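Structural overview
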Amino acid sequence: MPSENNLTDSNAPYVLTKSDLLLNVSQESPRAAELLAEYGLHCLNCFFNEFDTLEMGAAVHGMTQEEVSDMITDINTQLEKEFTEQNKTQK
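Residues numbered from 1 in each chain as written. Predicted model: local features only at pLDDT ≥ 70, side-chain atom pairs only at ≥ 80, totals over all residues. Heavy atoms only, no water.

So, on to the packing of helix 2 (residues 30–38) against helix 4 (residues 65–90). Contact pair helix 2 / helix 4: the axes reach a minimum separation of 10 Å and the direction vectors enclose 140°. The angle between helix 2 and helix 4 places the two elements in the oblique class. As helix 2 packs across helix 4, the resulting crossing turns out to be right-handed. Every residue of helix 4 that contacts helix 2 at Arg31, Ala32, Leu35 and Leu36 is listed here: Met71, Ile75, Gln78, Leu79 and Glu82. For the contact of helix 2 with helix 4, the per-class residue count stands at six nonpolar, one polar and two charged. (Axes fitted to C-alpha atoms, helices over the stretch in contact; angles between N-to-C directions. Helix = DSSP H or I, 4+ residues; strand = E, 2+ residues; numbered from the N terminus. Parallel < 35°, antiparallel > 145°, perpendicular 65-115°, else oblique. Left-handed = near helix turned anticlockwise from the far one by under 90°. Contact = heavy atoms within 4.5 Å. Nonpolar A, V, L, I, M, F, W, Y, C, P; charged D, E, K, R; others polar.)

Here it is as structure tokens:
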């Protein structure tokens, strides 16, 4: 089931939050999963992805709250940029 803030909406970019289940991220936004992997969070393919949130997975990998917040901001900025560029080319 999609998280409340990420209900499928083709008129808006995917928005990543620290409370998103890792499984949902990989299902709802493969691109967000790719970007998380660039930060070293390959846990989207882990057994625990059904139970762990992004925040929990990041903590297991030793990320601080500040690092998690910065990462989420960076990824959401990139997702928004890509969404905007994609929509420009479709018009």
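Across its 26 residues, helix 4 extends 37 Å between first and last C-alpha, which sits within 8% of the 38 Å expected from 1.5 Å per residue. Residues of helix 4 that are buried include every one of Val68, Met71, Ile72, Ile75, Asn76, Leu79 and Phe83, and no others. Buried residues belonging to helix 4 abut helix 2 and helix 3 (54–60). (Expected span 1.5 Å × (residues − 1). Buried < 20%, exposed > 50% of the residue type's maximum accessible area, 1.4 Å probe, protein only.)

On to the side chain of Ser29. Secondary-structure assignment places Ser29 in the loop between helix 1 (22–28) and helix 2. A relative accessible area of 6% means that Ser29 is categorised as buried. Aside from chain neighbours lying at most four places away, what touches Ser29 is Tyr14, Asn24 and Leu79.

A separate point is a negative patch on the surface. Residues Glu66, Glu67, Asp70 and Asp74 make up a contiguous surface patch of negative charge. Following the sequence through the fold, Asp70 ends up in helix 4. Here Asp70 falls in the partly exposed class, since its relative accessible area comes to 41%. (Patch = residues over 30% accessible without salt bridge, like charges linked within 9 Å, V, L, I, M, F, W, Y side chains within 5 Å. Areas by Shrake-Rupley, 256 points an atom, 1.4 Å probe, with all protein chains shown as cover. Salt bridge = Lys/Arg side-chain N within 4 Å of Asp/Glu carboxyl O. Lys, Arg positive; Asp, Glu negative; His and termini not counted. Charge placed at Lys NZ, Arg CZ, Asp CG, Glu CD.)

If you look at the biggest cluster of nonpolar residues, it comprises 16 residues, and the most contacted ones within it are Leu16, Leu36, Leu41, Leu54, Met71 and Ile75. For this core, the secondary structure elements donating two or more residues are helix 1, helix 2, helix 3 and helix 4. Tallying contributions element by element places helix 4 first for this core, with five residues. (Core = buried A, V, L, I, M, F, W, Y, C linked by side-chain atoms within 4.5 Å.)

Before going further, it helps to examine the pattern of salt bridges. Under the counting rule described, the total for this entry stands at three salt bridges. Between Lys18 and Glu55 there is a salt bridge, with its nearest N and O atoms 3.8 Å apart. Linking Lys18 in the segment before helix 1 with Glu55 in helix 3, this pair joins segments that are 37 residues apart in sequence. Residue classification places Lys18 among the partly exposed positions, given a relative accessible area of 41%. Arg31 is paired through a salt bridge with Glu82; the nearest N and O atoms lie 2.9 Å apart. Remark: Glu82 occurs in helix 4 and Arg31 occurs in helix 2; sequence separation between them is 51 residues. Beyond isolated ion pairs, a larger network of salt bridges with shared partners links Arg31, Glu34 and Glu82.

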